[in-house]
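# Breakdown of the fold
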Amino acid sequence: MNLETFFSNFELFADAPNGVQKLRELILQLAVQGKLVPQNPDDEPAAVLLEKIKEEKERLVKEGKIKKSKKLPPVDVGEMAFDLPQGWEWVRLGKIIESMTNGLYKPAKYYSNDGIGCIRMFNIQDGEIRLTKLKRIIVDDKELQQYTLMPGDFIVNRVNSRELVGKSAVIKDINEPLVFEAMNIRVRFIQKSNIPDYINLFFRTDRIRSLFQNDAKQASGQASISQPQVANILIPLPPLNEQHRIVTKVDALMKLCDELETRSQNKRDRILKLGEVATTKLLTPTTKETFNQHWKTISDNFDLLYSTPENVKQLRQAILQLAVMGKLVPQNPDDEPAAVLLEKIKEEKERLVKEGKIKKSKELPPVDVGEMAFELPQGWEWVKVGKIILSITGGGTPSKNNPQFWSGTIPWASVKDLKEKKYLEKTIDYITEEAIKKSSTNLIPKNRIIVCTRMGLGKIAINKIDLAINQDLKALQLPKEIDINYFYNSYLTLDIVGTGVTVSGIRQSELLNLAIPLPPLNEQHRIVTKVNQLMSLCDELEAKLTQSIGDRDKLMSAAVRQVLAV
């Protein structure tokens, strides 16, 4: 694929996953490889430019205006990352600079609203100097003379996180005196012209970003690079006129990327808003007819309304919400009402208590009107969780100091085992029977509801294996009058708010006092069947989205490889 074909499909490639960012990276890579603009045989070669720079440096050293720079190692063939066009040269950065200086360090007491503007690492953003949140610092005349920035100065951030260290920018026209702090290095070039802007492009390529991240020293949580490291960087240097053409072309393409990014985000926002509005209307209809109308609108425009992962996730939540509101399947007046189920559950609990199989639970208050989030259909009941479970079991963590406890075959679950999947079928850790006997954990039979009450608050699963659990989990035993899958679905709709400074959680009593809507048992089964059908549809939507995203990603990657290979 040639460049003309690639750029004619620029907008298409921008729709790929992280497409605009990949386009930006490709533009920079093409620029420094000499593939972005055509070469002009009439341009003065870079070798001549380097000779002029050398002569100018020697003159400035002789006049005492700059210090003689340290000798740099010659360029080795193995260091040349790619072949250069005619007229270009590989050169170490230190060969083309006038000086390199670390910034000014001043204690916090010298920062003042009346001081001189100071460029910090924060002010270097996306290859540019941003004067937002500009801090000011009190300096004396000597410091002002030594650290004042001039148009054309190249700033490199030398201390930062490993991901950000080495970010750079060029000082453009400035309206006031500016100095720079110690976390940055100022590089001043012999020939200003377009060299700083071109070098700034090179510093933004993936190759240089990776080099800084790999070679930076780490200390006290910060990564750092030194002046010698910066001076030794190998630069692919074009003729001066070509540098100008490259910078102009890159600026134009980056502006186009900005436009594509804005357009893509606006399109995504519109799609998200459409899905949100459609879902909201579905959840808040005034009549059964309007509900049916909204549902038909969604059904007819499924692929449009739910064409992003965020919208599909929103749809899943809406399905569950409709299910517990009694709007997903029709009611049957012949179904045994939920009130009868509650009486049966009560009798069952009393029998089990009498037989000593479960402990008698504390009496729970009735559901308050303020806890009823919406009006229920005929035959449903608002009920506290504690009213419809037979027992609740906590867990614990066997001593980590006893390795023998952790060498068994009994699955032991913690919050890290509760992923997005509905069923808990395996765990990361396994313990011994001895660990269960000598710790506060218990063996939980399969087909219980497992919920997190502390770390991972709100997570839920159904265990398909016998297992033990840790102290952040609770196991709920349900009676036969409650469809375990309905309980699972309804729990996912609850707005569970925890308390705590370090880790948010709820007490067992708060868990048991949560209010959920309970339909007749037959309707529970119908709801579960319908939810499963619709969730399968969501799975298909997500699979299509994943496939589409993957195809666009492959197309982008193939195009990039072809363009770079030209």
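This section reports on the structure supplied with the text. In this text, all values refer to a predicted model and were calculated from it rather than measured experimentally.

### Quick word on the overall build of the chain
Secondary structure summary: the chain contains 17 helices and 25 strands in total. Relative to the compact-globule value of 24 Å for 566 residues, the chain shows a C-alpha radius of gyration of 33 Å, a clear excess of over 25%. Residue burial in the chain is summarised as follows: out of 566 residues, 45% are buried. Carbon and sulfur atoms make up 51% of the accessible area of the chain, which totals about 30,400 Å². Placing the 81 positive and 73 negative side-chain charges of the chain at their respective mean positions leaves the two points 5 Å apart.

### Digging into a nonpolar patch on the surface
There is a patch of nonpolar side chains on the surface, built from Val75, Val77 and Met80 and spanning about 240 Å² of accessible area. With respect to the helices and strands, valine 77 occurs in the loop between helix 4 (46-62) and strand 1 (89-92).

### Describing the sheet that holds strand 24 (residues 473-477)
The strand order across the open sheet formed by five strands is 16-24-21-22-18, and the pairing between neighbours is mixed. In the strand order of this sheet, the two ends are held by strand 16 (391-393) and strand 18 (423-424), each with one partner. Sheet topology places strand 16 next to strand 24; three bridges connect them, and they run antiparallel. The residue of strand 24 that forms the bridge with threonine 393 is alanine 475. Strands in contact with helix 15 (residues 484-491) are strand 18, strand 21 (449-452), strand 22 (460-463) and strand 24; relative to strand 22, the strand with the most contacts, it is inclined by about 165°.

### Regarding the side chain of glutamate 181
In this fold, glutamate 181 is placed in the loop between strand 10 (178-180) and strand 11 (184-189). For the buried residue glutamate 181, which engages in no salt bridge, the nearest side chain bearing the opposite charge is arginine 120, 5.6 Å off. What glutamate 181 contacts, discounting residues up to four positions off in sequence, is Gly103, Leu104, Tyr111, Cys118, Ile119, Arg120 and Met121.

### A short note on helix 15
Counting buried residues along helix 15, seven of its eight residues qualify, which places the element largely inside the surrounding structure. Every buried residue belonging to helix 15 is among Asn485, Tyr486, Phe487, Tyr488, Asn489, Ser490 and Tyr491, and all of these are buried. The distance from a side-chain oxygen at the start of helix 15 to the backbone nitrogen of asparagine 485 is 2.8 Å, and the residue carrying that oxygen is aspartate 483.

### A look at the packing of aromatic side chains
Counted according to the given criterion, the structure contains nine aromatic pairs. Judged by centre distance (5.1 Å) and plane angle (50°), the rings of phenylalanine 82 and tryptophan 90 are tilted. In terms of burial, phenylalanine 82 and tryptophan 90 fall into one category: buried. On the numbers, 6.1 Å between centres and 45° between planes, the contact of phenylalanine 154 with phenylalanine 189 is tilted. Of the two residues, phenylalanine 154 sits in strand 7 (residues 154-157) while phenylalanine 189 sits in strand 11, which places them 35 residues apart along the sequence. Taken together through their ring pairs, the aromatic side chains of Phe154, Phe189, Phe203 and Phe212 make up a single cluster. It is lysine 106 that lies over the ring of tyrosine 110; its NZ or CZ is 3.9 Å from the centre. Against the face of tryptophan 406 rests lysine 400, its NZ or CZ located 3.9 Å from the ring centre.

### Some points on the pattern of salt bridges
Taken as a whole and assessed by the stated rule, the structure comprises 28 salt bridges. The partner of arginine 351 in a salt bridge is glutamate 348, with the nearest N and O atoms 2.8 Å apart. With arginine 351 and glutamate 348 both in helix 13 (residues 338-354) and three residues apart, the pair spans about one turn of that helix. What makes arginine 351 partly exposed here is its relative accessible area of 36%. One salt-bridge network, held together by shared partners, links Glu56, Arg59, Glu63 and Lys65.

### Digging into the sheet that holds strand 17 (residues 410-413)
The mixed open sheet is built from four strands, whose spatial order is 19-17-23-20. With one partner strand each, in any of the chains shown, strand 19 (429-431) and strand 20 (443-444) form the two edges of the open sheet. Where strand 20 and strand 23 (residues 467-469) come together, two bridges link them in antiparallel fashion. The partner of isoleucine 444 across the bridge, within strand 23, is leucine 467.

### Digging into the pairing of strand 7
Alternating residues of strand 7 divide into Phe154 and Val156 and Ile155 and Asn157, and every residue in both groups is buried. Where strand 7 lies against strand 9 (residues 168-170), three bridges are found, and the strand directions are antiparallel. Residue pairing in the sheet places phenylalanine 154 in a bridge with valine 170 of strand 9. Of the pairings in the sheet, the one linking strand 7 to strand 11 comprises four bridges and is antiparallel in character. Counterpart to phenylalanine 154 in the pairing with strand 11 is valine 187.

Criteria and thresholds
- Residues numbered from 1 in each chain as written.
- Predicted model: local features only at pLDDT ≥ 70, side-chain atom pairs only at ≥ 80, totals over all residues.
- Heavy atoms only, no water.
- Helix = DSSP H or I, 4+ residues; strand = E, 2+ residues; numbered from the N terminus.
- Rg over C-alpha atoms; globule rule 2.2 N^0.38 Å.
- Buried < 20%, exposed > 50% of the residue type's maximum accessible area, 1.4 Å probe, protein only.
- Areas by Shrake-Rupley, 256 points an atom, 1.4 Å probe, with all protein chains shown as cover.
- Lys, Arg positive; Asp, Glu negative; His and termini not counted.
- Charge placed at Lys NZ, Arg CZ, Asp CG, Glu CD.
- Patch = residues over 30% accessible without salt bridge, like charges linked within 9 Å, V, L, I, M, F, W, Y side chains within 5 Å.
- Salt bridge = Lys/Arg side-chain N within 4 Å of Asp/Glu carboxyl O.
- Pairing = 2+ DSSP bridges.
- Contact = heavy atoms within 4.5 Å.
- Axes fitted to C-alpha atoms, helices over the stretch in contact; angles between N-to-C directions.
- Polar contact = N/O pair within 3.5 Å; in protein donor to acceptor, adjacent residues only side chain to side chain.
- Phe/Tyr/Trp six-rings, centres within 6.5 Å; stacked < 30°, edge-to-face > 60°.
- Lys NZ or Arg CZ within 6 Å of the ring centre and 35° of its normal.

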